[in-house]
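# Structural overview
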Amino acid sequence: MRSLAPPALRSATIHTVLGGYTLLALFPIVLVLINAFKSRPAIFDNPLALPTAETWSLVGFERVLSKSAVPMFFGNSLIVTVASLVLILLFGAMAAWALTEYRFRARRWLTLYLAFGIMVPIRLGTVSILQLMVQLDLVNTLTALVLVYTAQGLPLAVFILSEFIAQIPQDLKDAARCDGIGEFRIFFQVVLPLVRPAVATVGVFTMVPIWNDLWFPLILAPGDSTQTITLGVQQFIGQYATDWNAVLAALTLAIIPVLVIYALFSRQLIRGITAGAVK
Amino acid sequence: MNRVSPWQVAAFLLPALLIYTVFSALPLIDTLRLGFYVTDDSGARHFAGLANFHTLLTDPQWSAGFWNAMANNLKFFLIHMAAQNPIGLLLAALLSLRGVKGAAAYRTVLFLPTLLSVVIIGFVWQLILSPLWGVAENLLGWFGLQDWFQPWLGEEGSALTTLSLVSVWQFVGIPMMLIYAALIAIPEEIVEAAVVDGASPWRVFWSIRLPLILPTLGLVTILTFVANFNAFDLVYAVKGAVAGPNYSTDILGTFFYRTFFGYQSQVGSPTMGAAVATLMFLVILAGVGLYFYVVQRRLQRYTF
């Protein structure tokens, strides 16, 4: 089958398909965002219209921000995500450095042991994780979530950071060693700054599943004061299902930080995914 | 090669290995072990061999639920394979064509739904498909199809398919991105040589690009498989733990949750939950094993 279409027609077809799918991808998100700023009658009468001067209303946001714990859920998610990320990146980079730089007998086995965690979901160990957290008296604490997410994120972080650390020129490390600099200072002052772009990349796409997770907050920290935003919004929707203004406002508040972070880091994120695929 | 003391190596490795072992590897092994125990009325645990698995797979009270969840999960996966990955391939193929204006912008926007939490996605689609709000009905009306409209999420026959398609809508960005990366990594000379020989773009795609990205398609398949057989969030967010209507959207993840925690009148059982987790583990392991077997063989064939 030979394409005889003139370039203009071909380009139009391509843009129709891509543009059409873009509309499909954006439509649900836009629908929530525009209706969150409308009064209740306007939401029902004309859901597809943009808010106008008459239909503009922030009543949903007022209710969510003043009468619910949504702001606190935000704080919980932020603490859990940032703490997990710091631990994953620091410990992951340290392990990746040891596994790529030093030759020792158990190296291959340890790499394989960690690689296993990339494919097998940690969720399958939930029964024992819950028992362990009960024994450690960590149920309904954010610490429990941080520990589990760190364990979950480490294998992939080690795997990808190893690829980048392996590319650091040998001369650089040798020069530092000749100057008598210790291994820890080489790692923190030479290696870590050099792989900073890779760390940012791994960070952004390790963050998304942690921020969005529903399973572990539901099981390990369902208490009123430890809910994350994902679990909180889920329960909030259940509770206020008939208050459409509040529900749409809560959804908007949950969407906006993701939009902002994506706008800031989309290049690192996409680079991370593509780098992981090519290697 | 590098003369460092074992202590230094250990200091670098220990934090990661410790956390990974204590909170991931050991709990997984321990869960697999727990599947072989039963809890008696006093709360004490006894080794019971394969009793839990026997109950799950054959006892009418349990097996109906388990096999229903398994069949639904398989359907969930097949719909992803039939819709998500071909759409991802199509979008990636278009994006990677040379001279498509705005390709980066399309790519960025098309990936956006993947980043949002399943709770948001599930609820947004629930609103859109709700007969109460009528958005979907109105939209169909623009094309004269309003009579087609059904409360798809509420009906036993269509709820699972609808949820699967919502999940496809959300996650299509992942295969798109992986395939796109593989397509743009193909050396330009190979494609140019074919074009010089008079191959059409269509031919170039089927005879050159597609065969070269087969390993990536394999990776996409196994990632979809693991994610689907481990899925939980979307069904829970939209349908709750009972996966209604009448368990028609029950998949292994929700079945596991109910078995472990209990629901309504049934008391949760950690050991029975562990048995369900073990079976899920075996399914995922079988998939991953098959993938490595097939890919390994293919790679060997390429080297001849």
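Shown above is the structure to which this text applies.
What comes next is a walk through the structure.

Procedures and definitions
- Residues numbered from 1 in each chain as written.
- Chains lettered and ligands numbered in written order.
- Predicted model: local features only at pLDDT ≥ 70, side-chain atom pairs only at ≥ 80, totals over all residues.
- Heavy atoms only, no water.
- Helix = DSSP H or I, 4+ residues; strand = E, 2+ residues; numbered from the N terminus.
- Rg over C-alpha atoms; globule rule 2.2 N^0.38 Å.
- Contact = heavy atoms within 4.5 Å.
- Areas by Shrake-Rupley, 256 points an atom, 1.4 Å probe, with all protein chains shown as cover.
- Buried area = accessible area lost by both parts, 1.4 Å probe.
- Salt bridge = Lys/Arg side-chain N within 4 Å of Asp/Glu carboxyl O.
- Buried < 20%, exposed > 50% of the residue type's maximum accessible area, 1.4 Å probe, protein only.

### With respect to the overall build of chain A
Tallying secondary structure elements over chain A gives 13 helices and zero strands in all. Ordering the α and β elements of chain A from the N terminus gives α-α-α-α-α-α-α-α-α-α-α-α-α. A globule of 279 residues ought to have a C-alpha radius of gyration of about 19 Å, yet chain A, at 24 Å, is considerably larger. Along the three orthogonal principal directions, the C-alpha set of chain A runs to about 75 × 70 × 35 Å. Across chain A, the fraction of contacts at a sequence separation of at least 24, relative to all contacts at a separation of at least 6, is 71%. Working note: accessible area of chain A is about 12,800 Å², and carbon and sulfur atoms make up 67% of it.

### Quick word on the side chain of B:Asn85
By the secondary structure assignment, B:Asn85 is in helix α3 (residues 60-95). The residues touching B:Asn85, leaving out its near neighbours within four places in the chain, are B:His80, B:Pro175, B:Ile179, B:Val220 and B:Thr224.

### Some details on the interface of chain A and chain B
Between chain A and chain B, the contact holds 92 residues from the first and 87 residues from the second. Between chain A and chain B, a total of about 8,500 Å² is buried, with carbon and sulfur atoms accounting for 80% of that surface. In terms of surface lost to chain B, no three residues of chain A exceed A:Tyr21, A:Met119 and A:Leu124, which account for 9% of the buried area on that side. If you look at where chain A meets chain B, you find one salt bridge.

### Quick word on the pattern of salt bridges
Inspection of the entire model under this criterion finds ten salt bridges over all chains. Between A:Arg123 and A:Asp213 there is a salt bridge whose closest N-O contact spans 3.6 Å. Taken as a pair, A:Arg123 in the loop between α5 (107-119) and α6 (126-135) and A:Asp213 in the loop between α10 (196-212) and α11 (215-220) lie far apart in primary sequence, 90 residues in all. Both residues of the pair, A:Arg123 and A:Asp213, count as buried. The residue B:Glu188 makes a salt bridge to B:Arg98 at a minimum N-O spacing of 3.6 Å. One end of the pair, B:Glu188, is in helix α9 (residues 188-196); the other, B:Arg98, is in the loop between α3 and α4 (103-115), with 90 residues separating them in the sequence. Assessed through its relative accessible area of 62%, B:Arg98 is described here as exposed. Because the salt bridges share partners, they merge into one network encompassing A:Glu101, A:Lys173, A:Arg177 and A:Glu183.

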